[in-house]
Structures are given as structure tokens and as C-alpha cells.
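Per-entry structural report
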Amino acid sequence: MMDDLKLAETFVRCFCNADIEGIRSVIADDFCLRGPLFEFDSAAAYLSSLQGDLRADPRAKTVASFSNDELVAVFYTYHGNNIAQLFRCRDGKICDTTLVFDTRKHLES
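This report concerns the structure included in the present document.

Each value, and the rule that gives it
Residues numbered from 1 in each chain as written. Predicted model: local features only at pLDDT ≥ 70, side-chain atom pairs only at ≥ 80, totals over all residues. Heavy atoms only, no water. Pairing = 2+ DSSP bridges. Helix = DSSP H or I, 4+ residues; strand = E, 2+ residues; numbered from the N terminus. Contact = heavy atoms within 4.5 Å. Axes fitted to C-alpha atoms, helices over the stretch in contact; angles between N-to-C directions. Core = buried A, V, L, I, M, F, W, Y, C linked by side-chain atoms within 4.5 Å. Buried < 20%, exposed > 50% of the residue type's maximum accessible area, 1.4 Å probe, protein only. Patch = residues over 30% accessible without salt bridge, like charges linked within 9 Å, V, L, I, M, F, W, Y side chains within 5 Å. Areas by Shrake-Rupley, 256 points an atom, 1.4 Å probe, with all protein chains shown as cover. Salt bridge = Lys/Arg side-chain N within 4 Å of Asp/Glu carboxyl O.

Our focus in this paragraph is the sheet that holds strand β3 (residues 61–67). Pairing is mixed across the open sheet formed by 6 strands, whose spatial order is β2-β1-β6-β5-β4-β3. Either end of the sheet is taken by a strand with one partner, and the two such strands are β2 (39–40) and β3. Sheet topology note: the strand β1 (residues 27–34)/β2 ladder contains 2 bridges and is antiparallel. Within β2, the position partnered with Arg 34 by the bridge is Glu 39. In the packing of helix α1 (residues 4–16) onto the sheet, the strands contacted are β1, β3, β4 (72–78), β5 (81–90) and β6 (93–101), and the crossing angle to β4 comes to about 20°. Strands in contact with helix α3 (residues 43–50) are β1 and β2; relative to β1, the strand with the most contacts, it is inclined by about 65°.

As C-alpha cells, this is what we get:
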């Protein structure tokens, strides 16, 4: 079983590579995402939102990541956006994440 930091880093890598199956493998069925543009309360709803919309970014990179007893934080770039994401894990799966980024760039494209 992966530790929480590895789960979060795997999620980010799969997201940046548009690997929806990879994302599915690390999130719980009751996965919740809160962000500036969207909120999802299940893995099914989140994964459905990615279908046909998620684009791989070969230039994406993780800038930093760290964890403590409760949270994992990963800072990364994706299509020119600087993103921070906080993760909570339970029983070897990601159950909750908060996504933070500047929406101006996203809304301009």
C-alpha cells in the first residue's frame, strides 16, 4: 500500500498525464474535491467531469510536496498554471482534496 505522500504525487502525475484510470486507482469512491471552479462529492462525478476534457501537459512538473500526520500538499505547474493541492487520505486512498489556483488564466483561455 502506498503512503499518503506517494498517493498524492501519483494523483498529480496521472492528472498531468491525462491518465484517468490512474487517477481512479488512487481515489476513494466517496472522493470529494473542492476548488475555485468546481466541487465534486464522489469519484464517479469527478471522473465523469474529466472525460474528454482532461489534457496531458508534457511540461508539467511538481515544484514541491510534503506531508504531516493529517495532510499532504503538492505544488505543481499544469498548462502554465501554478497549482497547490491539499490531500487527505484514508485506508490507502485519497478521500478529499482542496485545489487552489488563480482562475484568471483559466477563464481567459
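Moving on: the nonpolar core. Formed by 29 residues in total, the largest nonpolar core has its most connected members in Phe 11, Ile 23, Ile 27, Tyr 46, Tyr 76 and Ile 94. Of all the secondary structure elements, the ones that give two or more residues to this core are α1, α2 (20–26), β1, α3, β4, β5 and β6. If one sorts the elements of this core by residue count, α1 sits on top with 7 residues. Each residue touching Tyr 76, except ones within four places of it in the same chain, is listed here: Val 12, Phe 15, Cys 16, Lys 61, Thr 62, Val 63, Asn 81, Asn 82, Ile 83, Gln 85 and Leu 99.

A few words on a nonpolar patch on the surface. Together, Val 63, Phe 66 and Phe 75 give the surface a local cluster of nonpolar side chains, amounting to about 290 Å² of exposed area. Considering the arrangement of structural elements, one finds Phe 75 in strand β4.

Relative to β6, β1 runs parallel, the two sharing 4 bridges. Note on β6: the bridge partner recorded for Cys 32 is Asp 96.

Positive phi is not limited to glycine here, since His 79 has a value of about 50°. Considering the arrangement of structural elements, one finds His 79 in the loop between β4 and β5. Using a relative accessible area of 26% as the deciding quantity, one classes His 79 as partly exposed. The backbone phi angle of Asp 91 is positive, close to 55°, even though this residue is not glycine. Its location among the elements puts Asp 91 in the loop between β5 and β6. For Asp 91, a relative accessible area of 71% gives the class exposed.

Turning to the pairing of β5, a few remarks are in order. Only one face of β5 is buried, namely the one carrying Asn 81, Ile 83, Gln 85, Phe 87 and Cys 89, since none of Asn 82, Ala 84, Leu 86, Arg 88 and Arg 90 on the opposite face is buried. As judged from the 7 bridges shared by β4 and β5, these two strands associate in the antiparallel manner. For Tyr 76, the partnering residue across the bridge sits in β5 and is Ile 83. The turn joining β4 and β5, which pair antiparallel and follow one another in sequence, is formed by 2 residues; a positive phi near 50° is taken by His 79. In sequence, β5 turns back onto β6 through a hairpin of 2 residues, with Asp 91 there showing a positive phi of about 55°.

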